[in-house]
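Architecture at a glance
Here is how the chains run, residue by residue.
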Amino acid sequence: GEDVEQSLFLSVREGDSSVINCTYTDSSSTYLYWYKQEPGAGLQLLTYIFSNMDMKQDQRLTVLLNKKDKHLSLRIADTQTGDSAIYFCAEAYGGSQGNLIFGKGTKLSVKP
Amino acid sequence: NAGVTQTPKFQVLKTGQSMTLQCAQDMNHEYMSWYRQDPGMGLRLIHYSVGAGITDQGEVPNGYNVSRSTTEDFPLRLLSAAPSQTSVYFCASSSGGETEAFFGQGTRLTVV
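Here's what I pulled together on the structure shown here. (Residues numbered from 1 in each chain as written. Chains lettered and ligands numbered in written order. Predicted model: local features only at pLDDT ≥ 70, side-chain atom pairs only at ≥ 80, totals over all residues. Heavy atoms only, no water.)

1. Some thoughts on the overall build of chain A
Rule in force here: Where helices and strands are cited, they refer to DSSP runs of H or I of at least four residues and of E of at least two residues respectively, numbered from the N terminus. The globule rule used here is 2.2 Å times the number of residues to the 0.38 power, and the radius of gyration it is set against is calculated over C-alpha atoms. To measure how exposed things are, a 1.4 Å probe is used in the Shrake-Rupley method; for residues, cover is taken only from the protein chains shown.
Counting secondary structure elements, chain A contains zero helices and eleven strands. Ordered by position from N to C terminus, the α and β elements of chain A give β-β-β-β-β-β-β-β-β-β-β. Computed over C-alpha atoms, the radius of gyration of chain A comes to 13 Å, within 12% of the 13 Å expected from 2.2 N^0.38 for 112 residues, which places it in the range of a compact globule. If you line up chain A on its principal axes, its C-alpha atoms span 40 × 30 × 20 Å. Of the roughly 5,300 Å² that chain A leaves accessible, carbon and sulfur atoms contribute 48%.

Here it is in structure tokens:
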């Protein structure tokens, strides 16, 4: 079946850049997403990238997509303590956000 | 505009009891989904709907039923609760395609 893999933990110092990596298996995925979950809360869409793009930048966030290797990354520049959360990579199975396949989530800890 | 509303926020059930988790959205979204989130497992899709009257199974549908009689509501029914269904349940809605999926705040269910 389809699968999305990401590392479980990442620890960085405040002000450094964070890079969260993800690999996926569905080569037909049209969109790939990054969601953020703060403790006790639901999921919030951070950004998404269309499969025909290599890169997307949105303020402190940069998404890189290597479609050949099915590798997606999220870079957070100047990481702040408020960025501490779990970050989920997800692909839209069949091209619809009605059917998302999530990775297990990467817990980002930001040390002052 | 309330977004996606889930009720209840917390619930404790005894094994064998039945209950319905409610989900309502006021954004006129066609797509609605139910996910469960377990530690170390990420979010897994239980059931989803692409419009009123249309539902389909996700990755982990066993033990759950859904119906979609209106665009706004997408209840999730547990017919005979089991301890393995202890989890946090999230409902999401979207208008499809590349648009953002909006998540509810979650229902934390414990089956004893």
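Back to the text.
2. Focus on the layout of surface pockets
Quick reminder of the rule: In the cavity and pocket records, a cavity denotes points on a 1 Å grid over the protein atoms alone where a 1.4 Å probe fits but cannot get out, a pocket denotes an open set with protein on both sides within 12 Å along at least 5 of 7 lines, and lining residues are residues with an atom within 4 Å of a point. Grid points are joined across faces, edges and corners, and a volume is the space filled by probe spheres set on the points. Gly is put with the polar residues, along with every residue not named as nonpolar or charged; the nonpolar set is Ala, Val, Leu, Ile, Met, Phe, Trp, Tyr, Cys and Pro, and the charged set is Asp, Glu, Lys and Arg.
Space inside the largest pocket adds up to approximately 630 Å³. Residue lining of the largest pocket: 32 residues in total, with A:Gln37, A:Ile86, B:Gln37, B:Val88 and B:Arg108 positioned closest to the centre. Sorting the residues of the lining of the largest pocket by element identifies strand 9 (85-92) and strand 11 (106-111) of chain A together with strand 4 (31-38), strand 9 (87-94) and strand 11 (107-111) of chain B as the ones contributing at least two each. Residues of the lining of the largest pocket, tallied by class, amount to 13 nonpolar, 13 polar and six charged.

3. Description of the sheet that holds strand 8 (residues 76-78) of chain B
Strand pairing in a sheet relies on backbone hydrogen bonds. The paired strands run either parallel or antiparallel. Residue and element names in this part refer to chain B. Quick note on the threshold: When DSSP locates at least two bridges between a pair of strands, those strands are taken to pair. Orientation is described by lines fitted to C-alpha atoms, with helices fitted over the stretch in contact, and by angles between N-to-C directions that extend from 0 to 180 degrees.
If you walk across this open sheet you meet the four strands as 1-3-8-7, and the pairing is antiparallel. A strand with exactly one partner marks an edge of an open sheet, and here the two such strands are strand 1 (4-7) and strand 7 (64-66). Each strand axis lies, on average, 20° off the axis of its neighbour in the sheet, ignoring direction. By the bridge criterion, three bridges tie strand 7 to strand 8 in an arrangement that is antiparallel. Along strand 8, the bridge assignment pairs Tyr64 with Leu78.

4. Here's the deal with the state of the cysteines
Note on terminology: a disulfide is the covalent bond linking the sulfur atoms of two cysteines. Residues and elements named next belong to chain A. Note the following rule: Two cysteine sulfurs form a disulfide in these notes if their separation is within 2.5 Å.
Applying the stated rule across the entire model yields two disulfides over all chains. One disulfide in the model links Cys22 with Cys89; its S-S distance is 2.0 Å. Taking the torsion about the sulfur-sulfur bond, which here is approximately -65°, the covalent link between Cys22 and Cys89 counts as left-handed. With Cys22 in strand 3 (residues 18-24) and Cys89 in strand 9, this pair connects stretches of sequence that are 67 residues apart.

5. Details of the pattern of salt bridges
Residue and element names in this part refer to chain B. Spelled out, the test is: A pairing counts as a salt bridge when a side-chain nitrogen of Lys or Arg comes within 4 Å of a carboxyl oxygen of Asp or Glu. Residue exposure (1.4 Å probe, protein chains only): buried if accessible area is under 20% of the type maximum, exposed if over 50%, otherwise partly exposed.
If you walk through the whole model with that rule in mind, you get five salt bridges over all chains. Here Asp38 and Arg36 are joined by a salt bridge, their closest N and O atoms 2.9 Å apart. For the pair Asp38 and Arg36, one class covers both residues: buried.

6. What to know about the environment of A:Asn99
Which entries qualify depends on this criterion: Residues count as neighbours in contact if any of their non-hydrogen atoms are within 4.5 Å of one another.
Note on placement: A:Asn99 falls in the loop between strand 9 and strand 10 (100-102). The exposure class of A:Asn99 is buried, given its relative accessible area of 11%. Residues within four places of A:Asn99 in sequence aside, it is in contact with A:Glu91, A:Ala92, A:Tyr93, B:Tyr35, B:Leu45 and B:Tyr48.

7. Some details on the interface of chain B and chain A
The line we're drawing: Buried area is a sum: the accessible area each of two parts loses on coming together, probed at 1.4 Å, counted once for each and added.
Facing 20 residues of chain B, the contacting portion of chain A comprises 19 residues. Surface buried jointly by chain B and chain A totals about 1,600 Å² across both partners, of which 54% is contributed by carbon and sulfur atoms. On the surface where chain B and chain A come into contact, there are zero salt bridges. Of all the secondary-structure elements, those providing two or more residues to the side of chain B that touches chain A are strand 4, strand 5 (42-51) and strand 9 of chain B. The class makeup of the residues in the side of chain B that touches chain A is nine nonpolar, nine polar and two charged.

8. What about the sheet that holds strand 8 (residues 71-76) of chain A?
Residue and element names in this part refer to chain A. On the basis of which strands lie adjacent, the open sheet formed by five strands has the order 1-3-8-7-6 and antiparallel pairing. Among the strands making up the open sheet, the edge pair consists of strand 1 (4-6) and strand 6 (55-58). Across the sheet, the mean angle separating the axes of adjacent strands is 15° when strand polarity is ignored. Note that strand 3 and strand 8 share six bridges and pair antiparallel. Its bridge partner lying in strand 8, Asn21 is registered against Ser73.

9. Remarks on the side chain of B:Arg36
All names here are of chain B. Using the following cut-off: Within 3.5 Å is the distance limit for a polar contact, defined as a pair of N or O atoms, with the added protein rule that one can donate a hydrogen and the other accept it, and that residues adjacent in sequence qualify only through two side-chain atoms.
Topologically, Arg36 is positioned in strand 4. In this structure the side chain of Arg36 is engaged in a polar contact, spanning 2.9 Å, whose partner is the side chain of Asp38. A distance of 2.7 Å separates a polar side-chain atom of Arg36 from the backbone oxygen of Ser84.

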